[in-house]
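# Chains, contacts and geometry: an overview
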Amino acid sequence: MLIMSQNRKCLFNLEKAGTLFLSSYYGDYEEGKPVKVLASFPLAEDVTENLGEYESEARAMEVLEDIASQYKHHTRTSQRNALVFAFAPPKVYKMPEK
């Protein structure tokens, strides 16, 4: 599954991701700062991609939960399609604007 960044300038392959995580400044939540949804790369130390920024930790968590839900649906659909059609159509999750 692909994730399109909030600014629509980057497509990120979730199957190649190391971790998706939240940060207002790489680990410390500070009041008033937007909470970022970041993706890390498994083979590149300290390399992250900012997928989107949200007004609160709660909203950023909702986005992460939505990604997990969509990924779960995508993998089930892909497995079923692979058995039936031998083809798994690509899916794209677009990071919400707000």
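Scroll up for the structure.
What counts and how
Residues numbered from 1 in each chain as written. Predicted model: local features only at pLDDT ≥ 70, side-chain atom pairs only at ≥ 80, totals over all residues. Heavy atoms only, no water. Helix = DSSP H or I, 4+ residues; strand = E, 2+ residues; numbered from the N terminus. Contact = heavy atoms within 4.5 Å. Areas by Shrake-Rupley, 256 points an atom, 1.4 Å probe, with all protein chains shown as cover. Core = buried A, V, L, I, M, F, W, Y, C linked by side-chain atoms within 4.5 Å. Buried < 20%, exposed > 50% of the residue type's maximum accessible area, 1.4 Å probe, protein only.

### Points about the overall build of the protein chain
Counting secondary structure elements, the protein chain contains one helix and six strands. Tracing the protein chain from N to C terminus, the helices and strands come up as β-β-β-β-β-α-β. Counting contacts in the protein chain only where the partners sit at least 6 residues apart, residues at least 24 apart contribute 46% of the total. For the protein chain, the computed accessible surface area is about 6,600 Å², with 53% contributed by carbon and sulfur atoms.

### Thoughts on the nonpolar core
The nonpolar side chains of a soluble globular protein tend to be buried with one another. The biggest cluster of nonpolar side chains holds 17 residues, and the ones touching the most others in it are Ile3, Val37, Leu51, Ile67, Tyr93 and Met95. Looking at this core, the elements that each hand over two or more residues are strand E4 (35-41), strand E5 (44-54) and helix H1 (57-84). When residues in this core are grouped by element, the largest group, four residues, is from H1. In this structure Ile67 touches Met1, Ile3, Leu14, Leu20, Tyr93 and Met95, once residues within four positions along its chain are discounted.

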